[in-house]
Structure formats: C-alpha cells, structure tokens
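Coordinate analysis (summary)
Each chain, letter by letter, is given below.
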Amino acid sequence: EWGDRGETTAAGQDIQDTWDYLFENNKDIVAWTYFDSNLNSPTGGWELKGEALNRFQDILKNDSRVMRIDELGSIDPGPELICQDPTANNTGGPLPCTYDPPPSDIVPPAVPTGFKVDSIGDGQITISWNANTEPDLYYYSIRYKPANAGNSAWIWPAPKITETSWTFTGLTNGELYDLEIRSVDNDLNKSQYTSLQATPQSSSPTYDPDINQDGNINLVDLSILMGNWDTKWLPNQYPRADINKDNKVGLIDLSIFMDMWR
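Residues numbered from 1 in each chain as written. Predicted model: local features only at pLDDT ≥ 70, side-chain atom pairs only at ≥ 80, totals over all residues. Heavy atoms only, no water.

Here's the deal with a nonpolar patch on the surface
- Where nonpolar side chains cluster on the molecular surface, the patch consists of Tyr207, Ile217, Leu219, Met260 and Trp261 and spans about 440 Å² of accessible area.
- Within the secondary structure layout, Met260 lies in helix α4 (residues 251–261). (Patch = residues over 30% accessible without salt bridge, like charges linked within 9 Å, V, L, I, M, F, W, Y side chains within 5 Å. Areas by Shrake-Rupley, 256 points an atom, 1.4 Å probe, with all protein chains shown as cover. Salt bridge = Lys/Arg side-chain N within 4 Å of Asp/Glu carboxyl O. Helix = DSSP H or I, 4+ residues; strand = E, 2+ residues; numbered from the N terminus.)

Below is the structure:
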C-alpha cells in the first residue's frame, strides 16, 4: 500500500531508501509488486502514482539487484528460516525465528584495514583498502553520505563489492562526505564499519575575472587589475586582481582576464 505515501519526490525517495535498506541488511527475500491504475483498491489510494511510481519503475528496470522470478531457480536458498506460528503470537511482539539448519559460523569477519583515499577528482573520490584474509569472505559493503546529513541519507552504490577499491562518482565538489566500509562473510556475518571523510574537488582551477564582483567582466575590472599591476602579497592574502592566486598581479592574470572577457 505504498500509494498511501503520496506521489511526491519524497515518496519516491522513501521507496529507494527502503529498497537499499533491505539489501544492506540482507533480508532473506523481498518480493515487490504494485497495483496498476483502475484496479480494486477501495479508494484508489493503493496505486503508485507520480514520482513514487517513477522511482519504483526505475528500480525494476535499472537496479542490478533486481531478479525476476524465473531467475531464482538457480540460487541456493541456504538455511531455512523457521518462525513461530503467527497466530500463536498474542503479545504483539516479534516472533521468535531460528535457522534450520543453524549457521555454522557466527563470528564476524575482521574490519577492513588500510582504508584510505587514493585520489580526489572532479565530483569523485577513489578509496582503497587491504584485502581481508578470511577464507570465507563474501564481499565488502560500502556506503557514503554528506557529512552534515543524518543516518537516513546513507547511500549504498553497489550491493556486493569483491575488489579492494571503489570510486564514488556524481558527488558535489567542495562538500565533505562520510565514507564507510565493512566486510561480510559467507554466513552473512558483518564486521563493524570503518570510516573516513573526504571532499571532492575539481581538477581544473577556477578563475574569477569579475574583480569588483558586480556580475560583469568589463573595463572596470581591467582598470582594477592594471591598478594593482606588479603588486605582491603574502601567501593566502590575495586581492581579487590576483586572478590565478600566485601572490602577484602580472601578465598571467592579464592573459586569463582577456581570455575570459572574450
């Protein structure tokens, strides 16, 4: 009944967040479907519409974690999860569940070591880490979010990573990000996360020839530049006429200005 959440962008993000959460927390099986329009929900409120429907369809078409029913036959289901008869649960609390047979391993793998930033680029951050030594290591789980955002903002860019490096892309230059990784073994035991922070930056310099900051690049700016010609400053004390920020105003600044003025 996801239609009850509305059809806004926030409703669509709610679907995406739930989808990511289910995979990150290794739910045993997830089956999603939805009512098409004009079917028999009492008030029409069950159907997905707007951005909620768009996001749901995008997940079905483009998320590599989606599997069709006819793809499931070749998958080893692993131990069966046996739960108490729900009709016997009169307390409203969680039902006790056990695996049959029980998993043979309940020891989590080690936290990945050597976690570091290898490079920072235009809208991207490349990280790497040391390979775990456990023979039953299954995969690594990574996630990221803006550093000033809450836990609901975590994004898992891939379901299972077996390499020892990853490049986050589509990031905002100048924004600080939290990056985390943990290891998962064949019995789905998970290590604790290890984390670091990094900020993507444009690899090309950014020049601003609008020296007087009036929204225009014109003769007024050129006059200010020439009035500061051959002036030098201490490091990090640049006037705006020092366009390339090399501690002096000269031919390089004039060349940049003329190129951008045109």
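Some points on the side chain of Asp253
- Tracing the backbone shows Asp253 in helix α4.
- Given the relative accessible area of 1%, Asp253 is considered buried. (Buried < 20%, exposed > 50% of the residue type's maximum accessible area, 1.4 Å probe, protein only.)

Here's the deal with α4
- Buried residues of α4: Asp253, Ile256 and Phe257, and no others. Summarising the axial view, the buried residues of α4 lie within an arc of 100°, below the 170-degree limit, and thus occupy one face.
- Tucked inside the fold, the buried residues of α4 contact α3 (219–227). (Arc of directions from axis to C-beta. Contact = heavy atoms within 4.5 Å.)

With respect to the nonpolar core
- Counting residues in each nonpolar core, the largest one holds 16 residues, and the members touching the most others are Phe115, Ile127, Trp129, Phe168 and Leu179.
- When residues of this core are traced back to their parent elements, those giving at least two are β4 (124–128), β5 (137–146), β7 (177–185) and β8 (194–198).
- Once residues lying within four places of it in the same chain are set aside, the contact partners of Trp129 are Pro112, Thr113, Gly114, Phe115, Tyr140, Ile142, Ile161, Glu163, Thr164, Ser165, Trp166 and Ile181. (Core = buried A, V, L, I, M, F, W, Y, C linked by side-chain atoms within 4.5 Å.)

Re the sheet that holds β5
- If you trace the three strands from one edge of the open sheet to the other, you get β5-β7-β8, paired in antiparallel fashion. Of all strands in the sheet, those with a lone pairing partner are β5 and β8, marking the two edges. Adjacent strand axes in the sheet meet at a mean angle of 20°, parallel and antiparallel pairs treated alike.
- Looking at chain direction, β7 and β8 are connected through five bridges and run antiparallel. Opposite Ile181, over in β8, you have Thr194 as the bridge partner. (Pairing = 2+ DSSP bridges. Axes fitted to C-alpha atoms, helices over the stretch in contact; angles between N-to-C directions.)

Quick notes on the side chain of Ser191
- Position of Ser191 relative to the elements: it lies in the loop between β7 and β8.
- What makes Ser191 buried here is its relative accessible area of 3%.
- Discounting chain neighbours no more than four positions away, the residues touching Ser191 are Pro108, Pro109, Ala110, Val111, Pro112, Arg182 and Ser183.

Describing the packing of aromatic side chains
- Within this structure, the stated rule accounts for five aromatic pairs.
- Residues Tyr138 and Tyr139 carry aromatic rings whose centres are separated by 4.9 Å and whose planes lie at 75° to one another, so their mutual orientation is edge-to-face.
- Centre to centre, the rings of Tyr144 and Tyr177 are 6.2 Å apart; their planes meet at 55°, and the pair counts as tilted. Here Tyr144, found in strand β5, pairs with Tyr177, found in strand β7; they are 33 residues apart in sequence, far enough to count as distant. (Phe/Tyr/Trp six-rings, centres within 6.5 Å; stacked < 30°, edge-to-face > 60°.)

So, the confidence of the model for the chain
- Taken over all residues, the pLDDT of the chain has a mean of 76, while the share at 70 or more is 68%.
- Ranking the elements of the chain by mean pLDDT puts strand β1 (residues 80–83) last, at 53, and strand β6 (residues 165–168) first, at 95.
- The low-confidence segment residues 35–42 (pLDDT under 50) makes ten contacts with residues lying over four places distant or belonging to another chain. (pLDDT = per-residue confidence, 0-100.)

Describing the pattern of salt bridges
- Considering all chains together, one arrives at four salt bridges under this definition.
- With a closest N to O distance of 2.9 Å, Lys145 and Asp178 form a salt bridge. One end of the pair, Lys145, is in strand β5; the other, Asp178, is in strand β7, with 33 residues separating them in the sequence.

Thoughts on the environment of Trp229
- Along the polypeptide, Trp229 turns up in the loop between α3 and α4.
- The exposure class assigned to Trp229 is partly exposed, which follows from its relative accessible area of 32%.
- In this structure the C-alpha to C-alpha distance between Trp229 and Leu254, which are 25 residues apart in sequence, comes to 9.3 Å.
- In contact with Trp229, not counting residues within four places along its chain, are Val249, Gly250, Leu251 and Leu254.

A closer look at the pairing of β7
- Most of β7 sits inside the fold, with nine of its nine residues counted as buried.
- The side-chain alternation of β7 yields two buried faces, one formed by Tyr177, Leu179, Ile181, Ser183 and Asp185 and the other by Asp178, Glu180, Arg182 and Val184.
- Note that β5 and β7 share nine bridges and pair antiparallel. Following the sheet pairing, Ile142 is matched in β7 by Ile181.

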